[in-house]
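# Remarks on the overall topology
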Amino acid sequence: AAILAMQGAYRASFDFIETIGFTKNYVPPAPYQSWGTEFIYLVEEREDFISLQHVLVMRFLLDDGSISEPMVMKHWRQDWQYEDARLHIFTGQNKWERKTLKPKNIEGTWSQSVFQVDDSPRYEGIGRWQHTKNSSIWTSQITYRPLPRREFSVRDDYQMLTGTNRISITNSGWVQEEDNLKTVLKPTGEIDEKLPYLSREMGISRYELIKDFDFSAGHQYWERTQHFWEIVREKWKVIIDEEDEFIILKQVDNVNLYNKMFQLADSAKADRSNIYELRTLVNEIIDHYVVIPKKTP
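Notes on the structure in this doc start here. None of these values were measured; they are calculated from a predicted model.

## A closer look at the overall build of the protein chain
Within the protein chain one finds five helices and 17 strands. Here the C-alpha radius of gyration of the protein chain, 20 Å, is about what a compact globule of 297 residues would show, namely 19 Å. When the backbone C-alpha atoms are referred to their principal axes, the protein chain occupies close to 55 × 50 × 45 Å. Counting every position in the protein chain, which comprises 297 residues, the buried fraction comes to 47%. For the protein chain, contacts bridging at least 24 residues in sequence account for 62% of all contacts bridging at least 6.

Dropping the structure here:
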């Protein structure tokens with residue numbers, strides 16, 4: 001019930017600030033702040049599994065004082081699995097590896113798997129929900145994740161975030177708090193013991209329930225494209241289920257994967273008449289971006 005409570009219409013705000021520096025002559029960068037209007041859809045619900053899709057719907061104040069037409073963008077997705085024994089862990093250098101947990105270590109836990117806007121994996125961690133009469137709070141174990149989109153194009157002095165998440169369900173919505181260490185990796189992928197961490201970062205993402213905001217453009221987009229994104233999820237599920245490790249290339253021919261997927265989503269027909277063509281294209285494109293390391297005999 002706590003996970004399902006995250007559905008709905010929200011004003012989402014994102015605040016990140018570096019609080020501690022571990023390098024000589026450290027100068028903290030400016031805090032990062034942004035916000036948007038976002039609808040969270042229930043994609044799938046089973047007894048032990050829940051999938052939630054975030055879709056941004058935003059309007060902008062133009063120079064002449066008028067309001068723009070709505071801008072719609074499929075945002076991130078979160079999947080929740082009860083007592084999940086098979087995780088894919090980010091290990092740096094665009095690589096994910098399977099980690100199998102013992103039953104005694106996952107009893108009563110839920111995993112949260114977070115996926116990028118193109119449905120490629122971002123990070124996965126397990127944690128426990130604690131419920132009181134006026135709160136429901138999930139706290140993760142330590143997770144490893146790639147650089148966030150707000151930094152990967154402007155920073156190259158660290159290679160991974162090491163952190164924990166805490167999600168709290170409130171009367172007015174929900175809040176995700178992050179405690180991250182900006183982690184330096186060697187070229188071989190191990191944490192650099194001489195300079196393991198650059199800084200500590202705190203993040204707060206607030207999802208505040210709102211009323212009377214026109215999300216109709218987002219509803220129309222999701223209704224028209226959800227069958228396409230189901231195809232994309234199915235392809236990634238095959239890769240995640242079958243491969244113990246894989247690498248996701250940032251670009252192929254100087255093009256990001258999300259650009260390809262968004263273009264295909266825009267070509268999806270509401271009557272699903274081109275669904276078989278889309279499935280073939282999705283499989284071919286994702287295969288170009290995923291590298292499966294050769295296994296040692």
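## Things to note about the pairing of strand β3 (residues 49-58)
In terms of burial, β3 is a largely internal element, ten of the ten residues being buried. In β3, alternate side chains face the same way, and those of Phe 49, Ser 51, Gln 53, Val 55 and Val 57 on one face and Ile 50, Leu 52, His 54, Leu 56 and Met 58 on the other are all buried. The sheet contact formed by strand β2 (residues 32-46) and β3 spans eight bridges and is antiparallel. Looking at β3, one finds that Arg 46 is bridged to Phe 49. Following β2, the chain reverses through two residues before pairing antiparallel with β3. Relative to strand β4 (residues 71-82), β3 is paired through nine bridges, and the arrangement is antiparallel. Paired with Ile 50 across the two strands is Trp 80, which belongs to β4.

Rules used in this analysis
Residues take numbers from 1 onward in each chain, read along the sequence in its written order. Given that the model is predicted, a residue must reach a pLDDT of at least 70 before its local features are reported, and side-chain atom pairs must reach 80 or more before they are shown or counted; all residues, however, enter totals for whole chains, interfaces and linings. Side-chain metrics in this entry use all non-hydrogen atoms of the structure; hydrogen atoms and water are not considered. Where helices and strands are cited, they refer to DSSP runs of H or I of at least four residues and of E of at least two residues respectively, numbered from the N terminus. Throughout, radius of gyration means the C-alpha value; the globule benchmark is 2.2 Å times the number of residues raised to the power 0.38. Type-normalised accessible area, obtained with a 1.4 Å probe on protein chains alone, sets the label of each residue: buried when under 20%, exposed when over 50%, and partly exposed for intermediate values. When checking whether two residues touch, look at their non-hydrogen atoms; a contact exists if any pair is within 4.5 Å. Two strands are counted as paired when DSSP detects at least two bridges linking them.

From the geometry alone we can't say anything about function, so treat these as descriptive.
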